[in-house]
Amino acid sequence: DAKTTQPPSMDCAEGRAANLPCNHSTISGNEYVYWYRQIHSQGPQYIIHGLKNNETNEMASLIITEDRKSSTLILPHATLRDTAVYYCIVRVAGTGTASKLTFGTGTRLQVTL
Amino acid sequence: NAGVTQTPKFQVLKTGQSMTLQCAQDMNHEYMSWYRQDPGMGLRLIHYSVGAGITDQGEVPNGYNVSRSTTEDFPLRLLSAAPSQTSVYFCASRTLTGGYTEAFFGQGTRLTVV
C-alpha cells in the first residue's frame, strides 16, 4: 500500500469549510484514496473514497489531483461535531483479502466557535 | 440492526491473566478484523478473518489468538496479558462482495494491564 502524509493537526472555524490535505505521491494506478474519521476514541467511521474523479456525498467532498499524488477532503460547513482525527488511506480496491486498511496517525481537526 | 458489538467496553487485567474480547456483527459480513490503538497512534491490524474457519495474522499478532467458528463472532484471546498490551481494541467487519465495501467498526474495548 502507498504511504500517505497528513498534517498532524488543523483548526477550522465552525461554519467554514475544512480542507484536509493528504499526500500520496507513490500511489499506484489501481489504488484508491479512502477517508475515515475517528471521533474522540470511538471506532473509525467511513467518509468517502475515490480513484481519480472528484467525489461528493452527504458528508464530504474528495478532490484528487490529476496526477493523483495528493488529495483534499472537504467538509463544506464544519460543525463542532466534526472535531475528530481524519485518516487518509490508500489501498487497492476490491474485496480481496489483501485489501486491508492501514491507518497512519491522521490529522486532528479541531473545529472552534 | 446493531452493527458491530464489542464487549466488554472496559477491562483491567493483572499481568499474566488471560481473557477474551468479544466481537459480534449482525450484518452477515465475511470479513472481520481486530485492531489495537495505542495513545497518539493509528490503528494497527492484529488478526483478520475472511470467513468461518479462516484466520490470518496482521502486523502485530504476537500475544493474541483468534478463531472464527461462526460468521457472526470473532473473539480475540489474550493468552497471558502483559502491560504492553494495554491499549484500545477495535473490531471491524465488512462484506467481501459487491465492489468496494466500507468497514464498520465497533466502539472499542479499553484494556489496561497492570
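Just so it is clear, the model here is predicted, and its values are computed rather than measured. (Residues numbered from 1 in each chain as written. Chains lettered and ligands numbered in written order. Predicted model: local features only at pLDDT ≥ 70, side-chain atom pairs only at ≥ 80, totals over all residues. Heavy atoms only, no water.)

Participant: Is there a simple way to think about unusual backbone geometry in this case?
Facilitator: A cis amide bond links Thr7 of chain B with the next residue in sequence, Pro8 of chain B, at an omega value of -10 degrees. Along the chain, Pro8 of chain B turns up in the loop between strand E1 (4-7) and strand E2 (10-13). A positive phi angle, near 65 degrees, is found at Arg68 of chain A, a position not held by glycine. Here Arg68 of chain A lies in the loop between strand E6 (61-64) and strand E7 (70-75). The class for Arg68 of chain A is buried, based on a relative accessible area of 10%. (Helix = DSSP H or I, 4+ residues; strand = E, 2+ residues; numbered from the N terminus. Buried < 20%, exposed > 50% of the residue type's maximum accessible area, 1.4 Å probe, protein only.)

Participant: What should I look at first to understand the sheet that holds strand E2 (residues 18-23) of chain A in this one?
Facilitator: Residue and element names in this part refer to chain A. As summarised here, the arrangement of the 4 strands in space is E2-E7-E6-E5, forming an open sheet in which the pairing is antiparallel. Bordering the open sheet on either side are E2 and strand E5 (55-56), each of which pairs with just one other strand. Bridge analysis of E5 against E6 gives 2 bridges, and the strand direction is antiparallel. Residue pairing for E6: Thr56 is matched across the bridge by Ser61. (Pairing = 2+ DSSP bridges.)

Participant: Explain the sheet that holds strand E8 (residues 76-78) of chain B here, please?
Facilitator: Sheet strands pair by backbone hydrogen bonding; their relative direction is either parallel or antiparallel. All names here are of chain B. With antiparallel pairing, 4 strands are arranged side by side in an open sheet as E1-E3-E8-E7. Pairing within the sheet leaves two strands with one partner each, and these edge strands are E1 and strand E7 (64-66). In this sheet, adjacent strand axes meet at a mean angle of 20 degrees when their direction is disregarded. Bridge count for strand E3 (residues 19-25) against E8 is 3 bridges, and the pairing is antiparallel. Across the sheet, Leu21 pairs through a bridge with Leu76, a residue of E8. (Axes fitted to C-alpha atoms, helices over the stretch in contact; angles between N-to-C directions.)

Participant: Explanation requested: empty space enclosed by the protein in the structure shown.
Facilitator: Tallied over the entire structure, the rule returns 1 cavity of 30 Å³ or more. Looking at the largest cavity, its volume works out to about 50 Å³. What lines the largest cavity is a set of 10 residues, among which Leu101 of chain A together with Tyr31, Tyr35, Arg94 and Ala103 of chain B lie closest to the centre. Only strand E4 (31-37) and strand E9 (87-94) of chain B provide two or more residues apiece to the lining of the largest cavity. Broken down by element, the lining of the largest cavity gets its largest block of residues, 3 residues, from E4 of chain B. The residue inventory of the lining of the largest cavity, partitioned by class, reads 6 nonpolar, 2 polar and 2 charged. (1 Å grid on protein atoms, 1.4 Å probe; cavity = no way out; pocket = protein on both sides within 12 Å on 5 of 7 lines; lining within 4 Å. Points joined across faces, edges and corners; volume = space filled by probe spheres on them. Nonpolar A, V, L, I, M, F, W, Y, C, P; charged D, E, K, R; others polar.)

Participant: Could you clarify how one ought to interpret the state of the cysteines in this entry?
Facilitator: Linking two cysteines covalently through their sulfur atoms gives a disulfide. Scanning all chains against the criterion turns up 2 disulfides over all chains. Across a sulfur-sulfur distance of 1.8 Å, Cys23 of chain B and Cys91 of chain B are joined as a disulfide pair. On the S-S bond that ties Cys23 of chain B to Cys91 of chain B, the torsion sits near -75 degrees, and the link is left-handed. Of this pair, Cys23 of chain B sits in strand E3 while Cys91 of chain B is found in strand E9, placing the two residues 68 residues apart along the sequence. Each of the two residues, Cys23 of chain B as well as Cys91 of chain B, counts as buried. Just so you know, Cys12 of chain A is unpaired, no disulfide at all, and the nearest cysteine sulfur is the one on Cys22 of chain A, 18 Å from it. (Disulfide = S-S within 2.5 Å.)

Participant: What am I meant to see in the nonpolar core here?
Facilitator: The tendency in soluble globular proteins is for nonpolar side chains to be buried side by side. The biggest cluster of nonpolar side chains holds 21 residues, and the ones touching the most others in it are Trp35, Leu73, Tyr86 and Leu109 of chain A. At the level of secondary structure, the elements contributing two or more residues to this core comprise E2, strand E3 (31-38), strand E4 (45-50), E6, E7, strand E8 (84-92) and strand E9 (107-112) of chain A. Among the elements that make up this core, the one with the highest residue count is E8 of chain A (4 residues). Residue contacts for Tyr86 of chain A: discarding those within four places in its chain leaves Gln6, Leu20, Trp35, Tyr36, Arg37, Ile47, Leu73, Leu75, Gly106, Thr107 and Leu109 of chain A. Grouped together as the second largest cluster of nonpolar side chains are 20 residues, Val85 of chain A together with Tyr35, Leu45 and Phe90 of chain B included. (Core = buried A, V, L, I, M, F, W, Y, C linked by side-chain atoms within 4.5 Å. Contact = heavy atoms within 4.5 Å.)

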